[in-house]
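The primary structure of each chain is shown beneath.
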Amino acid sequence: MLRFAWQVVFCMPVNRLGLIALFICFCDLMTGAPAQARPEWLSEGYLLDRWTNADGLPVNGTTDVLMGKHGYLWVATFDGLVRFDGHRFKTYSAGSHPGLPGNRLTRLIQQDNGLIWLLTEQYALASFDGREFHAAGTEQGLPAPRVLKLHLDRRDRLWLGTEQGLAHACGGACFQSVGESALQGEAVQAFADAPEGGIWAGTGTGRVIRAGIGGVEQILNAEDGIALRDVRALAVDSDGVVFAGGQGGLVRIEGNKGRMLRLFEGKTVNDLEFAPGGELIVQSYERTWRSSDDGWRVVNEGPIAGYVRLVADGPHGSEWRVRQYDLLENGESVVRAPCPIRDFAFDSTGGVWLATLCDGLWRVSQRRFDTITTQHGLPEGPVYGMAQGADGTIWASVGAGALAEIRGGVVRGVHAAGSPGQVVGTVTVTRQGRVLVGQGGFCTMQAGECEVPERLPRVLGNVLVRSIFEDRSGGLWIGSQTGVWLRYDGRWRSMQEALALPEWVQVQTVYQAESGSLWFGTDSDGLRRRSPGGEVLAFGRGDGLSSDRIRDLYQDSSGHLWVVTADSGVCRSDRREHRPGLVFDCLDSRQGLYADSLHRLLADGKGRFWFNSNSGVFWLHRQSLERVLEGRAERVYSRVFTESDGLPDREGNGGVQNAGIRLLDGRLAFPGQGGIAIFDPGVVEEHQGAPRVIIQQLRLADGTALPAGNRVELPLGERVFSVQITGIKPGLTGEIYFRYRFDDGSWMEVGEDRNLGFDNVRAGRHRLEIAAVDANSGLSGPVASMDIEVPPHLYERTSVRVASIGAIVLLAAVWLARRHRAAIRLQQYLHREVDRRTSQVLRERHRADAAVAIAGERSEGAEASTAESAVATATTEPLLADDVRTWIERNVQHGGLSVAALAESMHMSRSKLHRRLVRETGRSPGEFIRDVRLGLARQMLQGDGRSVSDVAYSVGFSSVSGFSRAYRNHFGESPSQTGSE
């Protein structure tokens with residue numbers, strides 16, 4: 001959106017109908033490049049917003065504008081139809097929409113059902129239902145392919161005047177000719193509603209007819225007093241009197257007779273329209289007349305551009321009309337364009353949208369507040385401290401060394417204050433009416449001069465004074481670069497030490513609470529509270545304050561103290577300010593506060609808090625702030641005013657006492673870099689209505705767009721898509737936030753993003769709900785919803801899933817059965833091995849017994865001992881390895897074999913077990929366990945052809961891969977190779 005640059009262009013039509021093409025071709029020279037124009041004139045009190053091809057319009061040549069039934073703004077241009085939602089433009093052109101007969105559009109009209117009718121430069125007709133265009137011609141029932149005039153009657157029936165007759169629409173693509181035999185192919189180029197129903201129409205041969213859907217009911221021509229060569233305009237008053245204008249003058253028709261009005265005889269009347277008050281406006285090429293009780297008066301001299309509306313009953317009951325380059329309200333120019341204004345439309349907030357022939361789309365709106373700037377007499381733009389006297393005079397510290405005196409919104413005087421070149425810090429008016437100024441020291445205004453009081457401390461002579469405050473007892477407090485000073489009973493004394501303030505800390509604001517306590521806000525050391533008894537308490541970050549840089553203080557009606565900080569938002573005491581144990585709760589931009597750097601807080605008496613900040617002036621409801629501070633809400637919403645609303649400069653000024661004041665009449669005045677802005681809370685709108693969300697389309701991952709509806713089914717296999725949305729806000733201005741939820745989940749905040757992306761969405765029906773939230777008021781409009789059907793893949797279908805589960809259960813059963821059989825075979829094998837080993841042990845014992853007997857016979861004493869040792873070596877030690885092997889084989893299928901468990905079962909320590917097995921077998925217990933398990937596995941693989949996995953689990957391995965690795969390392973071949981042998 002652009003604002004104002006210079007270019008003056010003149011373009012004027014020659015003729016309303018026949019020579020319109022020449023008018024458009026001549027003016028089209030101005031539509032190729034970005035607009036470099038600005039308004040020739042903009043009335044004070046109005047704002048102008050401007051959009052050109054740099055903002056998304058296809059060209060700057062706009063010819064008609066229409067506020068649609070669903071909230072969109074529709075714009076006819078020389079390069080297609082444009083839809084605007086306040087955020088972005090969407091262009092519909094003939095290249096991408098075959099039903100559109102051309103891009104050079106001249107006229108738009110919309111029926112109550114939302115169907116838009118449009119005319120091209122070549123007078124071709126088409127309709128648009130929001131998705132598709134449908135061209136209309138003789139095949140659909142029109143008397144001729146070229147349509148000259150469109151008209152909607154009171155019953156929302158569309159009438160069409162063509163080059164060869166009259167027709168009305170009987171549907172989106174159906175037309176019915178009316179009075180073909182009576183009209184005999186005449187061109188129809190003017191319409192007006194007939195009070196009794198039907199319409200009046202004017203022809204190119206000077207006849208006036210009354211018709212209904214049944215046919216022509218009345219025909220008036222020259223014999224009836226219609227002394228016109230053609231009829232270009234018709235109007236009907238509240239009594240049913242018809243006025244017809246065209247080449248030859250203006251005719252008044254009552255009953256069956258017409259009478260030429262002498263004043264207009266011989267002239268060419270191009271347009272007629274009744275004003276809201278009942279006066280008839282008559283327009284010709286030379287001038288414009290207006291009827292009155294005393295006759296006719298000329299309201300405009302000079303050539304007038306045709307093909308525009310003259311009068312409309314607009315916002316505030318005003319009369320609006322276009323006079324070539326000017327938009328007028330009640331006859332006074334509001335704005336003047338550099339080229340003709342082709343049409344205008346109103347939005348629900350009172351804004352006026354203009355279609356200009358060379359400079360794009362304009363919106364004119366009333367400024368919601370007053371300003372005082374250098375244009376009103378201020379010597380400079382920056383304004384700091386402010387005060388108002390009992391007589392209504394406003395005093396404002398301005399720029400460097402000046403004090404402005406303002407009465408009635410006009411600067412009446414500018415006074416030097418303090419030392420030249422020094423910035424005026426603050427100003428206040430005492431209860432006695434004295435104007436006290438802090439600039440380059442402290443002084444009092446007397447007869448236009450700022451005089452230094454007697455006995456003023458020398459340290460206050462040439463320093464910046466940030467705060468001046470008169471308490472209820474008459475004490476005067478001064479906060480300066482040299483500390484805090486108090487004058488009481490004519491005596492000055494420093495209070496810096498009494499307030500426990502370091503010498504470098506400055507007091508920027510002083511406030512007296514209802515309890516009588518004085519509060520001091522400093523530039524870097526938090527707060528000080530001085531009770532009526534003189535007790536001083538300090539408050540800082542440890543007490544909950546978000547910053548030690550304090551700009552302003554305010555006590556609300558419930559006794560809570562609000563603290564405005566210079567960099568961290570606003571805080572509130574958790575209880576009445578005089579109660580002990582005071583702590584503060586704070587909020588900032590993270591909770592929706594428009595700005596963190598604040599200067600001033602003013603209450604307007606209507607439950608709203610107004611803030612002056614570096615980013616603009618904004619207000620919030622006090623209750624909304626309290627809900628967030630108390631944890632009952634997550635965020636606040638600010639109504640913001642910046643340059644786009646008419647502020648001279650959004651940057652406010654502060655750092656001094658009274659950086660904004662409430663005037664005696666209840667208005668609020670805020671200083672800033674560009675001057676003073678004065679708001680009347682009584683006329684500032686609460687809100688403009690809740691925004692409405694529109695789901696525009698669903699787009700697949702490959703870019704395919706699906707039209708939005710209550711239910712959308714995705715193609716098979718599509719699981720990634722995005723949903724394009726927009727929000728329609730009254731006036732199409734201001735920010736909108738969005739949030740959504742999917743399948744009744746929690747609401748997700750997406751900010752200003754108008755494209756919602758979804759990935760890997762599961763099959764089934766899903767519900768998407770979206771809401772739009774006004775960023776200023778927090779109002780949320782109705783929720784828009786859409787059901788999204790995601791078809792399942794074959795494997796996601798219920799029948800396939802049931803079959804799959806059955807197959808898995810069957811396979812599991814087969815596997816368990818095989819496992820059970822393997823366990824039985826292992827058990828049988830182990831029993832056989834136990835029996836075999838038991839027999840072997842018994843045989844060995846018999847041999848040992850025999851050896852002992854023989855040794856006893858051969859020797860006695862020492863020899864006997866040696867024999868017993870030999871027997872023990874020959875019999876006992878081999879038995880340990882056999883016992884260990886037997887224990888391993890019995891427990892192998894249970895897994896979890898360990899050396900500790902083995903030692904415990906052998907009734908010996910782990911070290912002794914290790915020594916015995918190493919001496920007997922040359923292997924440690926762990927190696928022995930592994931070798932036995934692998935040996936059993938090899939026997940099984942060679943024996944009954946069991947699978948590798950069955951064998952692995954049977955000998956206690958938890959994974960097949962681990963078993964295979966150990967087997968290969970031990971035997972040098974894989975288990976499968978052994979099994980295949």
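Residues numbered from 1 in each chain as written. Predicted model: local features only at pLDDT ≥ 70, side-chain atom pairs only at ≥ 80, totals over all residues. Heavy atoms only, no water.

- Per an unreviewed UniProt entry, the chain is named Helix-turn-helix domain-containing protein, and its organism is Wenzhouxiangella sediminis.

### Quick look at the overall build of the chain
Right, so step 1: From N to C terminus, the chain includes eleven helices and 70 strands.
Right, so step 2: Within the span of the chain, comprising 981 residues, buried residues form 52% of the whole.
Right, so step 3: In the chain, the share of contacts with a sequence separation of at least 24, taken over all contacts with a separation of at least 6, comes to 51%.
Right, so step 4: Surface exposure of the chain reaches about 43400 Å², of which carbon and sulfur atoms provide 47%. (Helix = DSSP H or I, 4+ residues; strand = E, 2+ residues; numbered from the N terminus. Buried < 20%, exposed > 50% of the residue type's maximum accessible area, 1.4 Å probe, protein only. Contact = heavy atoms within 4.5 Å. Areas by Shrake-Rupley, 256 points an atom, 1.4 Å probe, with all protein chains shown as cover.)

### Brief notes about the nonpolar core
It is characteristic of soluble globular proteins that their nonpolar side chains tend to be buried jointly.
Right, so step 1: One finds Val884, Ile888, Met906, Leu913, Val955 and Phe963 to be the most contacted residues of the largest nonpolar core, which totals 31 residues.
Right, so step 2: Top element by residues in this core is helix H8 (residues 925–943). It accounts for eight residues.
Right, so step 3: Excluding its chain neighbours within four sequence positions, the residues that come into contact with Ile888 are Leu897, Phe928, Ile929, Val932 and Arg933.
Right, so step 4: Within the second largest apolar cluster, 29 residues are counted, among which are Val65, Phe84, Tyr92 and Phe128. (Core = buried A, V, L, I, M, F, W, Y, C linked by side-chain atoms within 4.5 Å.)

### A look at the sheet that holds strand E46 (residues 491–494)
Right, so step 1: Taken in spatial order, the four strands line up as E43-E44-E45-E46 in an open sheet, and their pairing is antiparallel. The open sheet terminates on both sides in strands that have one partner only, identified here as strand E43 (465–470) and E46. Taken over all neighbouring pairs, the strand axes of this sheet differ in orientation by 20° on average, direction set aside. (Pairing = 2+ DSSP bridges. Axes fitted to C-alpha atoms, helices over the stretch in contact; angles between N-to-C directions.)

### Observations regarding the pattern of salt bridges
Right, so step 1: The full count for this structure, using the stated rule, is 46 salt bridges.
Right, so step 2: In this structure, the salt-bridge partner of Arg541 is Asp548, at a minimum N-O distance of 3.8 Å.
Right, so step 3: For the salt bridge of Glu973 with Arg938, the shortest nitrogen-to-oxygen distance reads 3.2 Å. Remark: Arg938 occurs in helix H8 and Glu973 occurs in the loop between helix H10 (960–971) and helix H11 (975–980); sequence separation between them is 35 residues.
Right, so step 4: Residue Glu973 is classed as buried on the basis of its relative accessible area of 14%.
Right, so step 5: Three or more residues are tied together by salt bridges with common partners; here these are Asp556, Arg572, Arg622, Glu626, Glu630 and Arg632. (Salt bridge = Lys/Arg side-chain N within 4 Å of Asp/Glu carboxyl O.)

### Some remarks on the state of the cysteines
Right, so step 1: Scanning the entire structure with this criterion turns up four disulfides.
Right, so step 2: Here Cys443 engages in a disulfide with Cys450; their sulfurs sit 1.7 Å apart. Disulfide Cys443 to Cys450: torsion about the S-S bond roughly 80°, handedness right-handed. For the pair Cys443 and Cys450, one class covers both residues: buried. (Disulfide = S-S within 2.5 Å.)

### Observations concerning the packing of aromatic side chains
Right, so step 1: The tally for this structure, following the rule as stated, stands at 37 aromatic pairs.
Right, so step 2: Taking the centre distance of 6.0 Å and the plane angle of 70° together, the rings of Phe243 and Phe274 count as edge-to-face. Taken together, the residues span a long stretch of sequence, with Phe243 in strand E20 (residues 242–246) and Phe274 in strand E23 (residues 269–274) at a distance of 31 residues.
Right, so step 3: Owing to a relative accessible area of 6%, Phe243 belongs among the buried residues under this scheme.
Right, so step 4: Among the aromatic side chains, those forming a connected cluster through ring pairs are Phe369, Trp610, Trp619, Phe641, Phe670 and Phe679.
Right, so step 5: For the cation-ring pair, Arg739 lies above Trp747, with the distance from its terminal atom to the ring centre recorded as 5.7 Å. (Phe/Tyr/Trp six-rings, centres within 6.5 Å; stacked < 30°, edge-to-face > 60°. Lys NZ or Arg CZ within 6 Å of the ring centre and 35° of its normal.)

### A look at the sheet that holds strand E60 (residues 668–672)
Right, so step 1: If you walk across this open sheet you meet the four strands as E34-E61-E60-E59, and the pairing is antiparallel. Pairing within the sheet leaves two strands with one partner each, and these edge strands are strand E34 (370–372) and strand E59 (661–662).
Right, so step 2: With three bridges connecting them, E34 and strand E61 (residues 675–679) associate as antiparallel partners. Residue pairing across strands places Thr371 opposite Ala677, the latter belonging to E61.

### Comments concerning the packing of H8 against H10
Right, so step 1: At their nearest, the axes of H8 and H10 sit 11 Å apart, and the two run at 95° to each other. Between H8 and H10, the angle falls in the class roughly perpendicular. Where H8 approaches H10, its residues Arg930, Asp931, Leu934, Gly935, Ala937, Arg938 and Leu941 are matched on the opposing element by Phe963, Ala966, Tyr967, His970 and Phe971. (Parallel < 35°, antiparallel > 145°, perpendicular 65-115°, else oblique.)

### Things to note about unusual backbone geometry
Right, so step 1: The phi dihedral of Asp489 falls on the positive side, at around 55°, and the residue is not glycine.
Right, so step 2: Looking at the element boundaries, Asp489 is found in the loop between strand E45 (483–488) and E46.
Right, so step 3: Classification of Asp489 by relative accessible area gives exposed; the value is 68%.

### Description of the environment of Val507
Right, so step 1: Along the chain, Val507 turns up in strand E47 (residues 507–512).
Right, so step 2: A relative accessible area of 1% places Val507 in the buried class.
Right, so step 3: Remark: the alpha-carbon pair of Val507 and Arg551, spanning 44 residues in sequence, is separated by 9.2 Å.
Right, so step 4: Non-local contacts of Val507, meaning those with residues more than four positions away in its chain, are made with Arg466, Ser467, Gly479, Val484, Leu501, Phe520, Gly521 and Thr522.

### A few points about helix H7 (residues 910–921)
Right, so step 1: Here H7 is twelve residues long and its end C-alpha atoms lie 16 Å apart, about the 16 Å a rise of 1.5 Å per residue gives.
Right, so step 2: Residues of H7 that are buried: Leu913, Arg916 and Leu917. All buried residues of H7 lie within an arc of 95° about the axis, which places them on one face of the element.
Right, so step 3: Just past H7, the residue Gly922 takes up positive phi, approximately 80°. (Expected span 1.5 Å × (residues − 1). Arc of directions from axis to C-beta.)

### So, the environment of Gly526
Right, so step 1: Following the sequence through the fold, Gly526 ends up in the loop between strand E48 (518–522) and strand E49 (527–530).
Right, so step 2: Remark: the alpha-carbon pair of Gly526 and Val563, spanning 37 residues in sequence, is separated by 10.0 Å.
Right, so step 3: In contact with Gly526, other than residues within four places in its own chain, are Phe520, Gly521, Phe539, Asp548 and Ile550.

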